[in-house]
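Architecture and fold: a report
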Amino acid sequence: MQTLETLSFDNSYTRLPEGFFQRVRPTPFPNPHLVSVNPAAAELIHLDPNEAKRPEFAEYFCGAKLFPGSDPLATLYSGHQFGHYVPQLGDGRAILLGEVRTDEGETWELQLKGAGLTRFSRDGDGRAILRSTIREYLCGEAMHALGISTTRSLCIVSGEEIVWRETPEPGAMLLRMAPSHVRFGTFEVFFYRGQHENLKILADYVIQHHYPHLVDVENRYARLLHEVAVRTGEMIAQWQAVGWSHGVMNTDNMSILGLTIDYGPYGFMEAFHPGFVCNHSDHRGRYSFQHQPDIGYWNIRALAKAMSPLIEQAEIQAAPELYEKTMLEKYAGLMQEKLGLIETHTGDDKLVTDLLNLMDSSRTDYTNLFRSLSKFQQESPNGNSTIRDQFLHREAFDDWTARYRDRLQAEKSRDRERQIRMNQSNPKYILRNHLAQKAIEQATRHKDYAEIDRLLNLLNDPFTEQPGMEAYAIPQDSDSSPIIVSCSS
Ligand code: AMP
Ligand code: MG
């Protein structure tokens, strides 16, 4: 186990050419205090969780103290925002403290979000508010527990600093971890600047550190692009299957490792609706739930274009197709699991779409419907009333269940075993906006952080019924006002 002072830092990004980054120190908050620490992430870097009891913990994780060996920097990138190319973005409020190397040879970048101004801050203040920090902290871990590739969350530190958004709010910093925070936009910036040598240096860096099996491969840049396409396709299929929307799928928010990154105005859908738009600033619904797979395709094309000086034309064209094929296959497989099916039969995709259409017309809670479907009884139609009652058009649902029953019988499915399987694919608990909101309100109004830790624990084990937690599996009360989340956080 490591202490704060014995973590072993490397700073491989500093060995890239100068234009790739700016060396910059975090700007600490006055009187920092720890809001929450996640022992599961501490374990990844072998940091002793008892270190969180030391007052220095908050100082290190708000930049007041610099870790021995850390050489902090902000990285340059650009990207397509809502379809338009923005020539320069970069880490405007996130500072990379360096990579921690474990004894097993794993490396984790430690990035402090909300750490103050950098060369790339543009009009921003370099800060993050406690509200958005809590949302990112919890969702990263919730997604991980759902089996979805994502950045991880180590801790939140707040302090005596007020940050202005629409209103004054407490500021905070999030320490997030990933093997790499390189984005599609990191490639785009060198392509659009015509700096093809830098493009190659970046691709080699990513391969050496994160795709080492490609180092000696002849067409390694094409293989890199194709592996990113596959990982992205798998990730987006998982988002769709779990009913989650990112909200801001700009190419600067797309990870070169296929990680879910930059949690902002995201949302888990409650009432199923394909046109669901979680980001209040997304007036045209570009990033609506149903568009995500197509946006993934668009983004892979943008990456392929950015990498085009390194790759032959045919391989470039193959990337979005590979993405699409992967995404569709993965999605079909996940939906098959959600229905508790083991075999693949023709017509299964229609069984899925017809159920989703019924859910759409009844605005059924996406998560709860699939969870309750595990209790479906093939032999006792009356035993299925709790599922049936979630639909407005009961007869249409009866028709669907007759087909579902036939389909289950066609593979000789046994209810008990199917239920166990389905409960491992259909979560009981997701990070509903109103749950996060309760934790946010207690934190911002009363500096009471207990609810954050309660949610962190709950969402760490989303497939297991947890006693006394029934209220955490219920959608937001339809009488209460909707929770609005947007880009500005
Ligand atoms: P996002 O929409 O959070 O992915 O951010 C898009 C770009 O704006 C990134 O380059 C961010 O670093 C930058 N940015 C967002 N918020 C701030 C802020 N408060 N201060 C400085 N830069 C910011
Ligand atoms: Mg971003």
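The rules behind these values
Residues numbered from 1 in each chain as written. Chains lettered and ligands numbered in written order. Predicted model: local features only at pLDDT ≥ 70, side-chain atom pairs only at ≥ 80, totals over all residues. Heavy atoms only, no water. Disulfide = S-S within 2.5 Å. Buried < 20%, exposed > 50% of the residue type's maximum accessible area, 1.4 Å probe, protein only. Donors = N, O, S within 2.8 Å, 3.2 Å for Na, K, Ca; no water. Axes fitted to C-alpha atoms, helices over the stretch in contact; angles between N-to-C directions. Helix = DSSP H or I, 4+ residues; strand = E, 2+ residues; numbered from the N terminus. Parallel < 35°, antiparallel > 145°, perpendicular 65-115°, else oblique. Left-handed = near helix turned anticlockwise from the far one by under 90°. Contact = heavy atoms within 4.5 Å. Salt bridge = Lys/Arg side-chain N within 4 Å of Asp/Glu carboxyl O. Core = buried A, V, L, I, M, F, W, Y, C linked by side-chain atoms within 4.5 Å. Near = heavy atom within 4 Å. Polar contact = N/O pair within 3.5 Å; in protein donor to acceptor, adjacent residues only side chain to side chain. Areas by Shrake-Rupley, 256 points an atom, 1.4 Å probe, with all protein chains shown as cover. Domains from an automatic or database assignment. Expected span 1.5 Å × (residues − 1). Phe/Tyr/Trp six-rings, centres within 6.5 Å; stacked < 30°, edge-to-face > 60°.

Some details on the state of the cysteines
Evaluation of the coordinates by the stated rule reveals zero disulfides. Considering cysteine sulfurs only, Cys278 is the nearest to Cys139, which forms no disulfide, with 10.0 Å between them. Exposure remark for Cys139: the relative accessible area of 0% places this residue in the buried category.

Considering the coordination of the magnesium ion (ligand 2)
The textbook angles at a metal center are 109.5 degrees for a tetrahedron of four donors and 90 or 180 degrees for an octahedron of six. Around the magnesium ion (ligand 2), the protein supplies Asn253 (OD1) and Asp262 (OD) as donor atoms, at distances of 2.0 to 2.2 Å. On the basis of relative accessibility, which here comes to 10%, the residue Asn253 falls in the buried class. Judged by relative accessible area, Asp262 falls into the buried class, the value being 14%.

Remarks on the packing of helix 4 (residues 184–192) against helix 5 (residues 196–210)
Here helix 4 crosses helix 5 at 160°, and the two axes come no closer than 7 Å. Overall, the two elements helix 4 and helix 5 adopt an arrangement that is roughly antiparallel. Judged by the twist between their axes, the crossing of helix 4 over helix 5 is left-handed. Residue-level contacts link Thr186, Phe187, Phe190 and Phe191 of helix 4 to His196, Asn198, Leu199, Leu202, Ala203 and Val206 of helix 5.

Brief notes about the pattern of salt bridges
Tallied over the full model, the rule gives 35 salt bridges. A salt bridge links Arg432 to Glu270; its shortest N-O distance comes to 2.9 Å. Taken together, the residues span a long stretch of sequence, with Arg432 in the loop between helix 13 (415–425) and helix 14 (433–446) and Glu270 in the loop between strand 13 (267–268) and helix 7 (292–306) at a distance of 162 residues. The class of Arg432 is buried, set by a relative accessible area of 0%. With a relative accessible area of 17%, Glu270 lands in the buried category. One continuous salt-bridge network, built from bridges that share partners, spans Lys113, Glu136, Arg176, Arg183 and Asp262.

Observations regarding the nonpolar core
Ranked by size, the top nonpolar core spans 144 residues in total, and within it Phe61 and Phe187 carry the most contacts. A total of 12 residues in this core trace back to one element, the largest contributor, which is helix 6 (residues 220–242). Excluding residues that lie within four positions of it along the chain, Phe61 makes contacts with Leu4, Leu47, Phe67, Leu110, Leu112, Leu154, Cys155, Val157, Met173 and Leu175.

Let's talk about the site of ligand 1
Around ligand 1 lies a shell of 17 residues, among which Gly90, Gly92, Arg122, Asp125 and Gly126 are the nearest. Between ligand 1 and Arg93, the relevant distance is 3.2 Å, taken from a nitrogen atom to a side-chain nitrogen or oxygen of the residue. Between Arg127 and ligand 1, the recorded distance is 3.3 Å, taken from a backbone N or O atom to a nitrogen atom. The protein chains hide 82% of the 480 Å² of surface that ligand 1 would expose on its own.

Focus on the domain arrangement of the protein chain
Here the protein chain is described as being made up of domain 1 (9–180), domain 2 (185–337) and domain 3 (342–423). Computed from C-alpha atoms alone, the centre-to-centre distance between domain 1 and domain 3 is 43 Å.

Quick word on helix 6
Taking 1.5 Å of rise per residue, 23 residues should cover 33 Å, and helix 6 covers 33 Å from first to last C-alpha, within 8% of that figure. Buried residues dominate helix 6, accounting for 18 of its 23 residues. Just downstream of helix 6, Gly243 is the residue with a positive phi angle, here 75°.

Regarding the packing of helix 3 (residues 130–145) against helix 15 (residues 450–459)
Helix 15 packs onto helix 3 with a crossing angle of 15° between their chain directions and a minimal axis gap of 9 Å. On the basis of their axis angle, the class for helix 3 and helix 15 is roughly parallel. Helix 15 is crossed by helix 3, and the crossing has right-handed handedness. On the side of helix 3, the interface is formed by Ile134, Tyr137, Leu138, Glu141, Ala142 and Ala145, while helix 15 contributes Ile452, Leu455, Leu456 and Leu459.

Details of the packing of aromatic side chains
This structure, assessed with the given rule, holds 23 aromatic pairs. Ring geometry for Phe57 against Phe61: centres 4.8 Å apart, planes inclined by 55°, an arrangement best described as tilted. Their ring planes at 45° and their centres at 4.9 Å tell us that Phe82 and Tyr287 sit as a pair that is tilted. With a gap of 205 residues between them, Phe82 in the loop between strand 5 (79–81) and strand 6 (84–86) and Tyr287 in the loop between strand 13 and helix 7 connect regions that are remote in the sequence.

Some remarks on unusual backbone geometry
Among all residues except glycine, the phi angle is most often negative; among peptide bonds, the trans geometry is most common. You will see that Phe82, though not glycine, has its phi angle at about 50°, which is positive. We note that Arg122 has phi near 45°; this positive angle belongs to a residue other than glycine. Summarising the element assignment, Arg122 is placed in the loop between strand 8 (107–113) and strand 9 (128–129).

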